[in-house]
Amino acid sequence: MNATTAEQASAPVTEDALRSVLLAGERPSRPGPVLTSLTFGWRALLKIKHVPEQLVDVTMFPIMFTLMFTYLFGGALAGSTQAYLQFLLPGILVQANVMTTMNTGITLNTDIQKGVFDRFRALPVWRPSPLVGALLGDVMRYSIGSAIVITLGLVLGFRPEGGAVGVVLSVALLLVFSFCLSWLWTMLSLILRTPNSVAGVSMMLMFPLTFGSNIFVDPKTMPGWLQAVVEVNPITHLATVVRGLMHGSVPAGEIGWVLVSSVLLVAVFGPITMVLYRNKK
Amino acid sequence: MGKLAIETRGLKKSFGTTHAVAGVDLAVSAGGVYGVLGPNGAGKTTTIRMLATLLRPDAGEAQVLGYDVVRDAQAVRSRVGLTGQFASVDEDLTGVENLLLLARLLGYSRRRGRERATDLLDAFGLAKAADRQVKKYSGGMRRRIDIAASLVVTPELIFLDEPTTGLDPRSRNQVWEIVRGMVAEGATVLLTTQYLDEADQLADRIAVIDHGKVIAEGSSGQLKASVGAGSLHVRLRAPEQRAEAERVLAAALDVPIELSADPAALSARISDPERVARSVAELSRGGIDVTEFALGQPSLDEVFLTLTGHAAEETPEEDAA
């Protein structure tokens with residue numbers, strides 16, 4: 001089918017044309033780390049363009065969760081679905097973003113098995129740029145996911161008291177945290193052998209992290225030991241910040257907490273990822 | 001011999017208990033094609049990956065274009081091109097996107113990068129497939145885009161890891177033409193292959209690798225000579241004269257004569273080509289009519305068999321690379 005039509009389209013290699021491309025010995029100067037990372041980010045966007053199916057997780061999943069929790073549990077948890085939506089939506093936004101970061105590891109693991117990563121690693125570019133570029137591409141995915149959740153929320157009756165500024169700030173903070181958290185998954189994707197095992201381990205970590213937080217309910221009714229766990233969970237702090245910003249309060253201490261944990265995530269998992277990447281067989 | 005493009009001493013790499021490369025010494029002079037010949041699992045790919053800075057050697061040293069592959073890895077990377085054994089372009093992207101991506105990463109402006117990508121696609125006969133995803137390319141087209149991707153900035157040295165494995169004869173010839181074209185423009189090409197005729201056709205010098213070690217090195221002529229000068233094939237007009245011919249040839253050549261299944265044919269492994277001419281004269285003096293008289297160089301297959309004790313195409317173990 002496609003291969004045959006493609007073969008017909010190919011002309012034989014011409015010697016003169018080959019000579020002229022080989023002789024055009026242009027040696028442009030080496031681009032800096034920002035440009036190479038952005039170029040790899042462009043590659044990630046091209047892949048979204050060519051394989052749009054990969055957006056299913058950032059679109060369908062949050063929509064499903066928002067509808068399910070609002071209408072199944074909302075009334076029981078908060079007295080009315082409308083009241084619950086005000087509480088839930090910022091939380092769902094956190095969950096959608098944090099869960100989507102897992103996909104980074106799965107994609108990277110698939111990608112690295114292929115020969116193209118060898119070529120990237122053999123290029124004279126800043127070494128982390130293929131990974132940073134992939135994560136930048138993912139930031140685009142997170143933004144799409146966030147836009148969908150917020151739009152759906154507004155349609156269902158979510159009314160953020162913090163206005164547009166609060167919403168934009170909270171999304172910006174979420175993107176920063178998600179980008180930093182992704183380094184945990186890049187590390188995992190370099191340790192584990194198959195995309196399936198990356199998915200399995202990521203799920204095992206993500207479910208307790210997102211549910212064992214204040215995303216869905218106020219932890220007041222939980223047993224004391226669980227409250228203690230929820231209290232130290234960074235996702236709780238992130239959800240508190242996003243909720244605060246969206247509803248018009250600026251929890252400065254909590255914002256600091258989130259930024260510090262973001263920096264820590266990169267500081268710990270970034271270098272480990274790079275060592276693993278350098279020594280990858 | 002000019003300066004050396006590649007020099008390695010005692011290069012080693014193990015994966016667990018598998019000694020994929022067990023002490024490889026290479027001296028590859030600049031310009032021309034250097035062939036690394038060996039069966040699957042011999043350590044060819046592992047060697048090339050160390051030279052292209054993708055793998056860190058466990059022991060030994062390697063200099064590529066005068067730069068150490070560990071200490072000056074970036075200097076090596078900016079001067080070599082690598083075409084791996086498996087698709088080394090992004091299959092989800094189109095041909096032009098792949099080349100533009102690499103051009104941008106190598107410092108071309110967006111405009112110049114696009115021009116360069118278009119020129120390369122033209123030169124490799126892929127202009128019409130430029131906007132098609134690479135996963136829809138045929139095997140031969142994919143190899144060509146792989147090689148084109150290694151030439152975005154013309155490298156001084158290019159590594160081709162089994163460039164024709166799995167290609168049909170027509171696509172294989174196109175790849176050979178590309179390799180010859182690159183060499184004609186002064187590049188050095190290091191190619192690995194498990195095909196003896198490919199090494200014979202393309203390579204100026206050949207290293208034969210088996211079980212992670214170089215077991216022979218030289219031009220294809222030298223390698224062939226190392227297993228004897230070749231073999232003589234004689235075919236007679238009259239089969240009934242074969243016994244007489246065998247006696248004459250044995251006396252003239254001083255080697256054992258083999259009688260083929262063909263009742264009119266004889267052959268012999270030659271150690272001294274000087275004697276061959278004399279044997280022809282002896283045959284005609286004895287009144288024996290010869291219809292065919294051929295002196296053939298031994299094939300690289302015979303060379304491989306003699307050197308390793310097993311045939312080149314067999315796969316003794318899983319690919320350690």
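This structure is a prediction, so every number in the text was calculated from the model and none was measured.

A.B. asks: Whenever I open this one, the overall build of chain A confuses me. Can you help?
C.D. replies: Regarding its fold elements, chain A presents 12 helices and 0 strands. Walking chain A from its N terminus toward its C terminus, one meets helices and strands in the order α-α-α-α-α-α-α-α-α-α-α-α. In terms of its C-alpha atoms, chain A occupies a principal-axis envelope of roughly 80 × 40 × 35 Å. Counting the 281 residues in chain A, one finds 51% classified as buried. A separation threshold of at least 6 residues defines the contact pool for chain A, and within that pool the share at least 24 residues apart is 78%. For chain A, the exposed surface amounts to about 12500 Å²; the carbon and sulfur share of it is 72%. Mean positive and mean negative side-chain charge positions of chain A (18 and 13 charges, respectively) differ by 6 Å.

A.B. asks: How should I be thinking about the sheet that holds strand S9 (residues 205-210) of chain B in this particular structure?
C.D. replies: Residues and elements named next belong to chain B. Reading across from one edge, S6-S7-S8-S3-S9-S10 is the order of the 6 strands in this open sheet, with mixed pairing throughout. The open sheet has two edge strands with one neighbour each: strand S6 (80-83) and strand S10 (213-218). Along the sheet, successive strands turn relative to each other by an average axial angle of 15°, direction set aside. On the sheet, helix H6 (residues 169-184) packs against strand S3 (32-37), strand S7 (157-161) and strand S8 (188-193) and is oriented at approximately 150° with respect to S8.

A.B. asks: In this structure, what is going on with the environment of Ala17(A)? I would like to understand it.
C.D. replies: All names here are of chain A. Position of Ala17 relative to the elements: it lies in helix H2 (residues 15-23). The exposure class assigned to Ala17 is partly exposed, which follows from its relative accessible area of 22%. Separated by 64 residues in the primary sequence, Ala17 and Thr81 place their C-alpha atoms 68 Å from one another.

A.B. asks: So what exactly am I meant to see when it comes to the pairing of strand S2 (residues 18-29) of chain B here?
C.D. replies: Residues and elements named next belong to chain B. In this sheet, S2 lies alongside strand S1 (residues 4-15) in antiparallel orientation, the contact comprising 9 bridges. Its bridge partner lying in S2, Leu4 is registered against Ser29. Where S1 folds back on S2, the antiparallel hairpin that results is connected by 2 residues, among which Gly16 adopts a positive phi of roughly 60°.

A.B. asks: Whenever I open this one, the UniProt feature "transmembrane region" (unreviewed entry) in chain A confuses me. Can you help?
C.D. replies: All names here are of chain A. Here the UniProt-annotated "transmembrane region" (unreviewed entry) positions come out as residues 60-79, 139-158, 164-185, 197-217 and 255-277. The distance separating the terminal C-alpha atoms of residues 139-158 is 24 Å; by composition the span is 90% helix and 0% strand. In this annotation, residues 197-217 is assigned 71% helix and 0% strand; the end-to-end C-alpha distance for the span is 30 Å.

A.B. asks: Can you help me understand a nonpolar patch on the surface in this one?
C.D. replies: Residues and elements named next belong to chain A. A cluster of nonpolar side chains, namely Met68, Leu72, Phe73 and Leu77, defines an oily patch on the protein surface of about 370 Å² accessible area. Secondary-structure assignment places Leu72 in helix H4 (residues 56-78). Since its relative accessible area comes to 58%, Leu72 is described here as exposed.

A.B. asks: Quick question: what am I supposed to make of the domain arrangement of chain B here?
C.D. replies: Taken domain by domain, chain B holds domain 1 (4-225) and domain 2 (228-297). One C-alpha centre belongs to domain 1 of chain B, the other to domain 2 of chain B, and the line joining them spans 44 Å.

A.B. asks: Which parts of the structure should I look at to understand the UniProt feature "domain: ABC transmembrane type-2" (unreviewed entry) in chain A?
C.D. replies: In this structure's numbering, the residues bearing the UniProt feature "domain: ABC transmembrane type-2" (unreviewed entry) are residues 53-280 of chain A. Overall, residues 53-280 of chain A shows 81% helix and 0% strand. The separation of its end C-alpha atoms is 29 Å.

A.B. asks: Would you explain the confidence of the model for chain A in this entry?
C.D. replies: Note that predicted coordinates carrying low pLDDT should not be read in detail. Residues and elements named next belong to chain A. Per-residue confidence for chain A gives a mean pLDDT of 87; residues scoring 70 or more make up 94%. Averaged over each element, pLDDT in chain A is lowest for helix H1 (residues 2-9) (44) and highest for helix H3 (residues 33-50) (94). The low-confidence segment residues 1-10, where pLDDT is below 50, has 17 contacts with residues more than four positions distant or belonging to other chains.

A.B. asks: Could you clarify how one ought to interpret the packing of H4(A) against helix H7 (residues 129-156) of chain A in this entry?
C.D. replies: When two helices pack together, their arrangement is captured by the angle between the axes and the distance separating the axes. All names here are of chain A. Contact geometry for H4 and H7: axes closest at 9 Å, N-to-C directions at 30°. Looking at the two axes, H4 sits roughly parallel to H7. Viewed along their axes, H4 and H7 form a crossing whose handedness is right-handed. Contacts between H4 and H7 involve Asp57, Val58, Thr59, Pro62, Ile63, Thr66, Leu67 and Tyr71 from the former and Arg141, Gly145, Ile148, Val149, Leu152 and Leu156 from the latter. Looking at the contact of H4 with H7 residue by residue, the class counts come to 9 nonpolar, 3 polar and 2 charged.

Conventions used here
Residues numbered from 1 in each chain as written. Chains lettered and ligands numbered in written order. Predicted model: local features only at pLDDT ≥ 70, side-chain atom pairs only at ≥ 80, totals over all residues. Heavy atoms only, no water. Helix = DSSP H or I, 4+ residues; strand = E, 2+ residues; numbered from the N terminus. Buried < 20%, exposed > 50% of the residue type's maximum accessible area, 1.4 Å probe, protein only. Contact = heavy atoms within 4.5 Å. Areas by Shrake-Rupley, 256 points an atom, 1.4 Å probe, with all protein chains shown as cover. Lys, Arg positive; Asp, Glu negative; His and termini not counted. Charge placed at Lys NZ, Arg CZ, Asp CG, Glu CD. Pairing = 2+ DSSP bridges. Axes fitted to C-alpha atoms, helices over the stretch in contact; angles between N-to-C directions. UniProt positions renumbered as here; feature names shortened; annotations may be inferred. Patch = residues over 30% accessible without salt bridge, like charges linked within 9 Å, V, L, I, M, F, W, Y side chains within 5 Å. Salt bridge = Lys/Arg side-chain N within 4 Å of Asp/Glu carboxyl O. Domains from an automatic or database assignment. pLDDT = per-residue confidence, 0-100. Parallel < 35°, antiparallel > 145°, perpendicular 65-115°, else oblique. Left-handed = near helix turned anticlockwise from the far one by under 90°. Nonpolar A, V, L, I, M, F, W, Y, C, P; charged D, E, K, R; others polar.

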